[in-house]
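Here is what each chain is made of, one letter per residue.
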Amino acid sequence: MLLLLESLSAHTQHWRHGYDLMKETGLLSGTLYPLLIRMTDQGLVEAEWREPEHPGRPARHAYRLTNAGVAFARAATPAAPMTFTKAALA
């Protein structure tokens, strides 16, 4: 679940398709989609049907974190590593 939270929280306002999330996280569909459904039921993720970008393709679900999901992700995922420049250390 942490991989998924990290992936979704990288761009909290962007809608993401499941296939893209699978590629980014390495999670298999049998793991990813149940997590997304559970997180949607808990109010952490919102899902909507998106019309296809190319004619003749099926509509797909897209996902993004809710405000509650963003707060949960911040609390649950480790902070980004701090980087220091030489100027900051001087």
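Presented here is a report on the structure given in the accompanying data block. In this text, all values refer to a predicted model and were calculated from it rather than measured experimentally. (Residues numbered from 1 in each chain as written. Predicted model: local features only at pLDDT ≥ 70, side-chain atom pairs only at ≥ 80, totals over all residues. Heavy atoms only, no water.)

## A closer look at the overall build of the protein chain
For step 1, the next point in the chain: What the protein chain contains, in helices and strands, is 5 helices and 3 strands.
For step 2, the next point in the chain: Counted from the first residue to the last, the protein chain has its helices and strands arranged as α-β-α-α-β-β-α-α.
For step 3, the next point in the chain: Looking at the protein chain as a whole, 28% of its 90 residues are labelled buried.
For step 4, the next point in the chain: Counting only carbon and sulfur atoms, one obtains 57% of the accessible surface of the protein chain, whose full area is about 6400 Å². (Helix = DSSP H or I, 4+ residues; strand = E, 2+ residues; numbered from the N terminus. Buried < 20%, exposed > 50% of the residue type's maximum accessible area, 1.4 Å probe, protein only. Areas by Shrake-Rupley, 256 points an atom, 1.4 Å probe, with all protein chains shown as cover.)

## With respect to the nonpolar core
For step 1, the next point in the chain: Counting 16 residues, the largest nonpolar core has Leu4, Leu8, Leu21, Leu32, Leu36, Val45 and Leu65 as its most contacted members.
For step 2, the next point in the chain: Secondary structure elements with two or more residues in this core: α1 (2-9), α2 (18-25), α3 (29-41), β3 (60-65) and α4 (67-76).
For step 3, the next point in the chain: With 4 residues, the top contributor of residues to this core is α3.
For step 4, the next point in the chain: Apart from residues lying up to four places away in sequence, Leu32 is in contact with Leu4, Gly18, Leu21, Met22 and Leu27. (Core = buried A, V, L, I, M, F, W, Y, C linked by side-chain atoms within 4.5 Å. Contact = heavy atoms within 4.5 Å.)

## Re the packing of α2 against α3
For step 1, the next point in the chain: Here α2 crosses α3 at 120°, and the two axes come no closer than 10 Å. It follows that α2 is oblique to α3 by the angle criterion. Crossing handedness for the pair α2 and α3: right-handed. Contacts between α2 and α3 pair Gly18, Tyr19, Leu21 and Met22 from the former with Ser29, Leu32, Tyr33 and Leu36 from the latter.
For step 2, the next point in the chain: Of the residues in the contact of α2 with α3, the class split is 6 nonpolar, 2 polar and no charged. (Axes fitted to C-alpha atoms, helices over the stretch in contact; angles between N-to-C directions. Parallel < 35°, antiparallel > 145°, perpendicular 65-115°, else oblique. Left-handed = near helix turned anticlockwise from the far one by under 90°. Nonpolar A, V, L, I, M, F, W, Y, C, P; charged D, E, K, R; others polar.)

## So, the side chain of Ser7
For step 1, the next point in the chain: By the secondary structure assignment, Ser7 is in helix α1.
For step 2, the next point in the chain: Judged by relative accessible area, Ser7 falls into the buried class, the value being 3%.
For step 3, the next point in the chain: Excluding residues that lie within four positions of it along the chain, Ser7 makes contacts with Arg16, Leu21, Glu24 and Thr25.

## Describing the layout of surface pockets
For step 1, the next point in the chain: Volume-wise, the largest pocket comes out at about 210 Å³.
For step 2, the next point in the chain: Taken together, His17, Arg50, Glu51, Pro52, Glu53, His54, Arg57, Pro58 and Arg60 make up the lining of the largest pocket.
For step 3, the next point in the chain: In terms of residue class, the lining of the largest pocket is built from 2 nonpolar, 2 polar and 5 charged. (1 Å grid on protein atoms, 1.4 Å probe; cavity = no way out; pocket = protein on both sides within 12 Å on 5 of 7 lines; lining within 4 Å. Points joined across faces, edges and corners; volume = space filled by probe spheres on them.)

## Observations regarding the pattern of salt bridges
For step 1, the next point in the chain: Throughout the structure, instances matching the rule amount to 3 salt bridges.
For step 2, the next point in the chain: Close ionic contact of Glu24 with Arg16 constitutes a salt bridge, the shortest N to O distance being 2.4 Å.
For step 3, the next point in the chain: A residue is classified by how much of its surface remains accessible, and Glu24, at 46% relative accessible area, is partly exposed.
For step 4, the next point in the chain: Owing to a relative accessible area of 11%, Arg16 belongs among the buried residues under this scheme.
For step 5, the next point in the chain: The shortest N-O distance in the salt bridge between Arg64 and Glu46 comes to 2.8 Å. In this pair, Arg64 is assigned in strand β3 and Glu46 in strand β2 (residues 45-50), connecting sequence segments 18 residues apart.
For step 6, the next point in the chain: Given a relative accessible area of 29%, Glu46 falls into the partly exposed group. (Salt bridge = Lys/Arg side-chain N within 4 Å of Asp/Glu carboxyl O.)

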